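One-letter residues, chain by chain:
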Amino acid sequence: EPEVTQTPSHQVTQMGQEVILRCVPISNHLYFYWYRQILGQKVEFLVSFYNNEISEKSEIFDDQFSVERPDGSNFTLKIRSTKLEDSAMYFCASRQGPSSGANVLTFGAGSRLTVL
Amino acid sequence: AQTVTQSQPEMSVQEAETVTLSCTYDTSESNYYLFWYKQPPSRQMILVIRQEAYKQQNATENRFSVNFQKAAKSFSLKISDSQLGDTAMYFCAFMMWGAQKLVFGQGTRLTINP
C-alpha cells in the first residue's frame, strides 16, 4: 500500500539552528500538508500546499516556517531558527485531488523534533 | 471556525468488550466529512473510518462503526470485540467540504486490558 515517508524520524537540535524536515508524499497525490503535535496535545494544522504554492496556513506558521517542493517527489518543512517551543512531532500528510473519496489524508509516521 | 470536542480524555475496557468514543463538533456548514484516526504508541496516524455528512447511513469498517447524528452534531465511534491492538489514542477530525485541512479533537486515550 502506498505510504507517506518522512525523514528523519528523530532530530535533536540546538535552539536557534535551522532544521529541515523531509517528506515524500504518495506519488499521485496533489495536496500536501504539515501538522504538528506537541507532546500530550492535539494535532494542529500548520500548512497546506497545492499546485506549488501555499493554499492555507495557520497562525502557528509564521515567518520562521517555510515549505518547499524542490522536485517532483519531496516536500520539505524548514524552520529557520528553532525555539524550545518548536519541540514536537511533525506529521506530513498528502491526499488526492478533488474527486470522490479523495478527502482522506494519509499521514507519515512523523518526525520528532527536540530543541535543546 | 469549526471545532471538534472529545470529552473523554481516557477510557479503559477489557478485551472483547464494546467501547464507544464520543465526539461532537461545531459547524454552520451542511456539507462536510468526519473521520476517526488512530494513533498507536508508534505515533503514526492511521485512518479508522470516515463519514460523509450527506450520507444518512452510518459508516462501518469491520469491528468499527460510527453513530452519526447530524442534527446533534455528534459522531461517536464504536469498537466491537475490542482487541489489545486497539490500544491507542483516537482522534476525531472534521473537514469542511471543499476545504483542505482537517481539524482534530483533543483525542481519547483508549486502553484495552487483557
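For the structure itself, look to the data block above.
Just so it is clear, the structure is predicted and the values come from calculations on it, not from any experiment. (Residues numbered from 1 in each chain as written. Chains lettered and ligands numbered in written order. Predicted model: local features only at pLDDT ≥ 70, side-chain atom pairs only at ≥ 80, totals over all residues. Heavy atoms only, no water.)

Colleague: How should the nonpolar core be read in this particular structure?
Modeller: Side chains of a nonpolar character, in soluble globular proteins, are inclined to be buried together. Residue and element names in this part refer to chain B. Within the largest apolar cluster, 27 residues are counted, with the highest numbers of intra-cluster contacts made by Y25, W36, F75, L77 and Y90. Elements that contribute at least two residues to this core include exactly strand 2 (10–14), strand 3 (19–21), strand 5 (32–39), strand 6 (46–52), strand 8 (64–69), strand 9 (74–79), strand 10 (88–96) and strand 12 (108–113). The element that contributes the greatest number of residues to this core is strand 10, accounting for four residues. Dropping the residues within four chain positions of it, L77 is found in contact with V19, T20, L21, W36, V48, I49, F64, S65, V66 and Y90. (Core = buried A, V, L, I, M, F, W, Y, C linked by side-chain atoms within 4.5 Å. Buried < 20%, exposed > 50% of the residue type's maximum accessible area, 1.4 Å probe, protein only. Helix = DSSP H or I, 4+ residues; strand = E, 2+ residues; numbered from the N terminus. Contact = heavy atoms within 4.5 Å.)

Colleague: Help me understand the pattern of salt bridges in this model?
Modeller: Pairs can form between side chains of opposite charge once their charged atoms are near each other. Tallied over the full model, the rule gives six salt bridges over all chains. Across the pair E44 of chain A and R36 of chain A runs a salt bridge, and its minimum N-O distance is 3.2 Å. You can call R36 of chain A buried: its relative accessible area is 10%. Taking the shortest distance from any N to any O, the salt bridge between R63 of chain B and D86 of chain B comes out at 2.8 Å. Highlighted residues: R63 of chain B in the loop between strand 7 (60–61) and strand 8 and D86 of chain B in the loop between strand 9 and strand 10, separated in sequence by 23 residues. Beyond isolated ion pairs, a larger network of salt bridges with shared partners links R50, E52 and K55 of chain B. (Salt bridge = Lys/Arg side-chain N within 4 Å of Asp/Glu carboxyl O.)

Colleague: How should the packing of aromatic side chains be read in this particular structure?
Modeller: Between two aromatic rings, the relevant description is the distance of the centres plus the angle of the planes. Residue and element names in this part refer to chain A. One pass over the full model with this rule turns up 20 aromatic pairs over all chains. Note on Y31 and Y50: the rings are 4.3 Å apart at their centroids and 10° apart in plane angle, and the pair reads as stacked. Of this pair, Y31 sits in strand 4 (residues 31–37) while Y50 is found in strand 5 (residues 43–50), placing the two residues 19 residues apart along the sequence. For Y50, a relative accessible area of 30% gives the class partly exposed. R95 extends its terminal NZ or CZ atom over the ring of Y31, reaching a point 4.2 Å from the ring centre. (Phe/Tyr/Trp six-rings, centres within 6.5 Å; stacked < 30°, edge-to-face > 60°. Lys NZ or Arg CZ within 6 Å of the ring centre and 35° of its normal.)

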